[in-house]
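Given next are the chains, with one letter for each unit.
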Amino acid sequence: MKDADAISAELERTGTIVDGFRDCARSGRTVDLSGLERNVETLCQAIAALPTAHRAPLKPRLVDLIDRVNSLVSALGEQQQAISESMKGVTSRHRAMSAYGKGAGTTAPPSRGRKR
């Protein structure tokens, strides 16, 4: 990927993928981000390898990708917060059930009648 046009197209494609990840995270689905970091790193290396004059036109696309990644980060943070809140509720219920179970006892009370 040495051509500025090819890099520009890949920046847009990557942005679209990031948007999809963001949408999945916002809807509560899990996302597999493996490969995204490598893809972005490859793009950055390709941009750095371009002659200086060819880099400037890519700046708006790169800034757009950064904005999209920041939006994904925000969505993942919201998802993490929601999961954390849900886990707190589960933990509280579990503690309450455990306390109730311990307090209720599991054996029958002793008989108060006459011994035979």
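Our subject is the structure listed above.
A quick note: this is a predicted structure, and the numbers were derived from the prediction, not measured.

### Considerations on the overall build of the protein chain
Then step 1. The helix and strand tally for the protein chain stands at four helices and zero strands.
Then step 2. Tracing the protein chain from N to C terminus, the helices and strands come up as α-α-α-α.
Then step 3. Burial analysis of the protein chain (116 residues in total) assigns 21% to the buried set.
Then step 4. In the form shown here, the protein chain has an accessible surface area of approximately 8900 Å², with 56% of it arising from carbon and sulfur atoms.

### Observations regarding the nonpolar core
Then step 1. With twelve residues, the main nonpolar core is built from Ile7, Leu11, Val18, Phe21, Leu36, Leu43, Ala46, Ile47, Leu50, Leu58, Leu65 and Leu72.
Then step 2. Sorting the residues of this core by element identifies helix H1 (4–26), helix H2 (36–49) and helix H4 (59–104) as the ones contributing at least two each.
Then step 3. In this view, Leu11 contacts Leu43, Ile47, Leu58, Arg61, Leu62 and Leu65; residues no more than four positions away in its chain are not counted.

### Here we look at the pattern of salt bridges
Then step 1. As enumerated under the stated definition, the model contains seven salt bridges in all.
Then step 2. One salt bridge connects Asp19 with Arg22, and the closest N-O pair in it is separated by 3.3 Å. Taken as a pair, Asp19 and Arg22 lie in helix H1 at a separation of three residues, close to a single helical turn.
Then step 3. Judged by relative accessible area, Arg22 falls into the buried class, the value being 15%.

### Re the packing of H1 against H2
Then step 1. Where H1 contacts H2, the two axes come as close as 11 Å, and the packing angle between them is 155°. Of the possible angle classes, the one that applies to H1 and H2 is roughly antiparallel. Crossing handedness for the pair H1 and H2: left-handed. Contacts between H1 and H2 involve Ile7, Glu10, Leu11, Arg13, Thr14, Val18 and Phe21 on the former and, on the latter, Leu36, Asn39, Val40, Leu43, Ala46 and Ile47.
Then step 2. Tallied by class, residues from the contact of H1 with H2 come to nine nonpolar, two polar and two charged.

### Considerations on H2
Then step 1. For H2, with 14 residues, the first-to-last C-alpha span of 20 Å sits near the 20 Å given by 1.5 Å per residue.
Then step 2. Three or more residues of H2 are buried, namely Leu36, Asn39, Leu43, Ala46 and Ile47. The buried residues of H2 all sit within an arc of 100° when viewed along its axis, so they share a single face. Exposed residues on H2 whose side chains face more than 90 degrees from its buried face are Glu37, Arg38, Ala48 and Ala49.

### A word on the environment of Ala4
Then step 1. Mapped onto the fold, Ala4 is located in helix H1.
Then step 2. For the pair formed by Ala4 and Ile47, sequence separation is 43 residues and the distance between their alpha carbons is 7.7 Å.
Then step 3. Residues within four places of Ala4 in sequence aside, it is in contact with Leu50, His54 and Leu58.

### What to know about the side chain of Asn39
Then step 1. Relative to the helices and strands, Asn39 resides in helix H2.
Then step 2. In contact with Asn39, other than residues within four places in its own chain, are Glu10, Arg13 and Thr14.

Rules used in this analysis
- Residues numbered from 1 in each chain as written.
- Predicted model: local features only at pLDDT ≥ 70, side-chain atom pairs only at ≥ 80, totals over all residues.
- Heavy atoms only, no water.
- Helix = DSSP H or I, 4+ residues; strand = E, 2+ residues; numbered from the N terminus.
- Buried < 20%, exposed > 50% of the residue type's maximum accessible area, 1.4 Å probe, protein only.
- Areas by Shrake-Rupley, 256 points an atom, 1.4 Å probe, with all protein chains shown as cover.
- Core = buried A, V, L, I, M, F, W, Y, C linked by side-chain atoms within 4.5 Å.
- Contact = heavy atoms within 4.5 Å.
- Salt bridge = Lys/Arg side-chain N within 4 Å of Asp/Glu carboxyl O.
- Axes fitted to C-alpha atoms, helices over the stretch in contact; angles between N-to-C directions.
- Parallel < 35°, antiparallel > 145°, perpendicular 65-115°, else oblique.
- Left-handed = near helix turned anticlockwise from the far one by under 90°.
- Nonpolar A, V, L, I, M, F, W, Y, C, P; charged D, E, K, R; others polar.
- Expected span 1.5 Å × (residues − 1).
- Arc of directions from axis to C-beta.

Distances and angles like these do not, on their own, reveal function.
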